[in-house]
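# Summary of the model geometry
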There are 2 protein chains.
Amino acid sequence: MTADRRPAVERTRTQRAQLALALEVCGTPKPGNVDRRREYPDLRFEHFLAGAIGAGAGLALAAGEGHGAPDAPGDGERVGVGRAFERAVAGMSDQEGGNTQFGALLVVVPLVRAATRGDLSPDGVAGVVADTTVADAADFYRAFEHVDVAVDDPPEGMAELDVRRGADAVPAIEERGLSLRDVMSRSADRDGVAREWVGGFERTFGAARRIEAGEGPVPDRAADAFLDLLASEPDTFVATQHDPTTARVVRERASAARDGEVDPERLAEKLVSKGINPGTTADLIAGGLYVALERGVTV
Amino acid sequence: MTADRRPAVERTRTQRAQLALALEVCGTPKPGNVDRRREYPDLRFEHFLAGAIGAGAGLALAAGEGHGAPDAPGDGERVGVGRAFERAVAGMSDQEGGNTQFGALLVVVPLVRAATRGDLSPDGVAGVVADTTVADAADFYRAFEHVDVAVDDPPEGMAELDVRRGADAVPAIEERGLSLRDVMSRSADRDGVAREWVGGFERTFGAARRIEAGEGPVPDRAADAFLDLLASEPDTFVATQHDPTTARVVRERASAARDGEVDPERLAEKLVSKGINPGTTADLIAGGLYVALERGVTV
């Protein structure tokens, strides 16, 4: 053509978050998880694509983009991260696979808010976490009503605060004056996402650095980062769904795969056949992909 | 949990259109096209996911929706379908694969507008087409500046209207007073998408019916509908990129695959290895998926 190429319109923050979720499920092999080559009969690849796209409205609330159209006025922090998360989960849930990205959204939403504040860094997201309120905690509990999330029984004396109670637990949250940060800190010893919340998202930012430093297609880099993370610590979702021993064995196998002693494709087949699904590690990769996209990694 | 399950938030029209594009590329085997199992080194699966998500703002303009947030006020037909299309292409183009969904968006955008008017039917979309203006035609030409689109040389005496001229052709369009419908009708003999525009989207609605009537995962149904369409008429994109004979041979092979005489997976391998890419057929499937989602097909 004779005219100069007009520039493409850059993705919005909302779209970068949606794309991070979609890229996460695209990367393969991600031993045990749904990816573009592997799925479970009732939890399929397209459920994750639908979840990623459907989460858009809630992500837009986190991004203060309201409309998402690049020329639409942003509406800043009109809602808290708890409410943005609850809306994202509500939109994610309009598909038949069940819980596809509850944990991933719990990682991504505060990162989106930190980026919206102009400080997508461990300190920036720690600030977002520190600013959470009791209302955010209440909305977090309400999010559990949209979808079944596998969680452990609460510790002794915490039955009132069992997340599985959903909105019924809100009076107890309010009575005790717990912020969402407080809620997360009580689960940090046994939940890898909660641990990120109270620890400056250290492993998430580590995954982002690995994805940024990698070469080749971004989904391949994300799959490499997944294996790295899985090899470094037991996945807490595996520990919850199965038991801590299984989580430790999976970590060892992932370590062997990362070091070339085991074929990652075979490990993927094996874990899927046993229904062992390192979901927390995938959640952190979704966050790492979002950070990498914000920092200019191109697809 | 003790509380009743709160309903998921339904996808917006914008999100249904994004999901239709994502599901289209997900379905496999779609002989010759990128799908979740096959890709080209420079045109990969993730480019299509990025294109589907990035098109969101333009699709929202077609839908009269604030991008995604279900409670955001719609702004109706603030912009024409030409402008909505051009914005969708601009957003789609923010990835490194080049032209992923230009044709698919050209099918989907008028369908989104018809749905927005409350009449997603052949008559409804024919009305959208009939209402297009010279301004829509000008925006359509501007869309060619975002991405390289494979097109034939224009017919004798039409050089001024060559779409590859992009915005440079706009004065000629205006001088002749051509609406976007007029532009499409001039290409209908050799472009399968233009033919849909002037023929009530007959094949697109046919694909939608097949997807609606099918069973099993929606991407599988879309792949079946793809093979059906490819078997029924030569793909005009193949005719443009290669030649009409190649397009006819591909149609025959697809017909054999549909009838069980040829393994569709092997046909897919063969076409990909030859770089034969029946893109127009995929465009219509994207439209068919959108219609099916609007009509209540669930994922």
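Residues numbered from 1 in each chain as written. Chains lettered and ligands numbered in written order. Predicted model: local features only at pLDDT ≥ 70, side-chain atom pairs only at ≥ 80, totals over all residues.

### With respect to the overall build of chain A
Broken down by element type, chain A carries 16 helices and zero strands. For 299 residues, the compact-globule estimate of 2.2 N^0.38 gives 19 Å, and the C-alpha radius of gyration of chain A, at 19 Å, lies within 12% of that figure. C-alpha extents for chain A along the principal axes are approximately 60 × 55 × 35 Å. Put simply, chain A has 299 residues, and 59% of those count as buried. (Helix = DSSP H or I, 4+ residues; strand = E, 2+ residues; numbered from the N terminus. Rg over C-alpha atoms; globule rule 2.2 N^0.38 Å. Buried ≥ 20, exposed ≤ 12 C-beta atoms within 10 Å, placed from the backbone.)

### Details of the interface of chain B and chain A
Between chain B and chain A, the residue contacts involve 53 residues of the former and 53 residues of the latter. Taken together, the elements giving at least two residues each to the side of chain B that touches chain A come down to α1 (13-26), α2 (45-54), α3 (56-63), α4 (81-92) and α12 (218-232) of chain B. For the side of chain B that touches chain A, the element with the most residues is α2 of chain B, which contributes seven residues. Split by residue class, the side of chain B that touches chain A holds 24 nonpolar, 15 polar and 14 charged. (Contact = placed C-beta atoms within 7 Å. Nonpolar A, V, L, I, M, F, W, Y, C, P; charged D, E, K, R; others polar.)

### Let's talk about helix α2 (residues 45-54) of chain A
Each α-helix winds once per 3.6 residues, and so residues spaced three or four apart point in a common direction. Extensive coverage of α2 of chain A is indicated by the burial of ten of its ten residues. Listed as buried for α2 of chain A are Phe-45, Glu-46, His-47, Phe-48, Leu-49, Ala-50, Gly-51, Ala-52, Ile-53 and Gly-54 of chain A. Taken together, the buried residues of α2 of chain A touch α1 (13-26), α3 (56-63) and α4 (81-92) of chain A together with α1, α2 and α12 of chain B.

### A few points about the relation of the copies chain B and chain A
Its rotation angle being 180 degrees, the transformation that places chain B on chain A also includes 0.0 Å of axial translation and leaves an RMSD of 0.0 Å. Classification of the inter-copy transformation places it as that of a two-fold axis. (Least-squares fit on C-alpha atoms with pLDDT ≥ 70 in both.)

### Side note on the confidence of the model for chain A
All names here are of chain A. In this model, chain A carries an average pLDDT of 93, and 95% of its residues clear a pLDDT of 70 or more. Low pLDDT, under 50, characterises residues 68-73; the stretch is placed with 17 contacts to residues that sit more than four places away or in other chains. The complex prediction reports pTM at 0.95, with the ipTM value standing at 0.94. (pLDDT = per-residue confidence, 0-100.)

### A look at the packing of α12 of chain B against helix α14 (residues 244-258) of chain B
Residues and elements named next belong to chain B. Where α12 meets α14, the closest approach of the two axes is 7 Å, and the angle between their N-to-C directions is 135 degrees. Classified by the interaxial angle, the pair formed by α12 and α14 is oblique. Helix-helix and strand crossings are classified by hand; for α12 and α14 the assignment is left-handed. Residues Leu-227, Asp-228, Leu-230 and Ala-231 of α12 form the contact with α14, whose participating residues are Val-250, Arg-251, Ala-254, Ser-255, Ala-257 and Arg-258. (Axes fitted to C-alpha atoms, helices over the stretch in contact; angles between N-to-C directions. Parallel < 35°, antiparallel > 145°, perpendicular 65-115°, else oblique. Left-handed = near helix turned anticlockwise from the far one by under 90°.)

### Quick look at helix α11 (residues 202-213) of chain B
Residues and elements named next belong to chain B. Its twelve residues give α11 an end-to-end C-alpha distance of 17 Å, which sits within 8% of 16 Å, the value for a rise of 1.5 Å per residue. Buried within α11 we find Arg-203, Thr-204, Phe-205, Ala-207, Ala-208 and Ile-211. Where α11 is buried, its residues touch α5 (102-116), α6 (122-130), α10 (192-198), α12 and α16 (279-294). (Expected span 1.5 Å × (residues − 1).)

### Quick word on the nonpolar core
The nonpolar side chains of soluble globular proteins are, as a tendency, buried together. Judged by nonpolar contacts, the single largest core of 192 residues is most densely connected at Leu-105 and Val-108 of chain A together with Leu-105, Val-108 and Leu-111 of chain B. Among residues more than four places away in sequence, those in contact with Val-108 of chain B are Ala-17, Ala-20, Ala-286, Gly-287 and Tyr-290 of chain B. (Core = buried A, V, L, I, M, F, W, Y, C linked by C-beta atoms within 7 Å.)

### Some points on the environment of Ala-20 of chain A
Residue and element names in this part refer to chain A. Position of Ala-20 among the secondary structure elements: in helix α1. Note on Ala-20: 29 C-beta atoms within 10 Å, which makes it buried. Discounting chain neighbours no more than four positions away, the residues touching Ala-20 are Val-108, Ala-286, Leu-289, Tyr-290 and Leu-293.

### Description of the environment of Pro-29 of chain B
Residues and elements named next belong to chain B. Looking at the secondary structure, you find Pro-29 in the loop between α1 and α2. Since 23 C-beta atoms lie within 10 Å of it, Pro-29 is described here as buried. Between the C-alpha atom of Pro-29 and that of Pro-264, which follows or precedes it by 235 residues, the distance is 6.7 Å. Excluding residues within four positions of it along the chain, Pro-29 makes contact with Asp-35, Ala-223, Pro-264, Glu-265 and Ala-268.

### Here's the deal with unusual backbone geometry
All names here are of chain A. Cis rather than trans, the peptide bond between Thr-28 and Pro-29 has omega equal to -5 degrees. Positive phi outside glycine occurs at Phe-201, with the angle close to 55 degrees. With respect to the secondary-structure elements, Phe-201 resides in the loop between α10 (192-198) and α11 (202-213).

### Some thoughts on the packing of α3 of chain A against helix α5 (residues 102-116) of chain A
Residue and element names in this part refer to chain A. Here α3 crosses α5 at 40 degrees, and the two axes come no closer than 8 Å. With respect to α5, the element α3 is oriented oblique. Of α5, the residues touching α3 (which contributes Leu-59, Ala-62 and Ala-63) are Val-109, Val-112, Arg-113 and Thr-116. Here the residues of the contact of α3 with α5 are counted per class, giving five nonpolar, one polar and one charged.

### Observations regarding the environment of Ala-223 of chain B
Residues and elements named next belong to chain B. Inspection of the secondary structure puts Ala-223 in helix α12. Taking C-alpha positions, Ala-223 is 33 Å from Arg-6, a pair spaced 217 residues apart along the chain. Residues in contact with Ala-223, not counting those within four places in the same chain, are Gly-27, Thr-28, Pro-29 and Lys-30.

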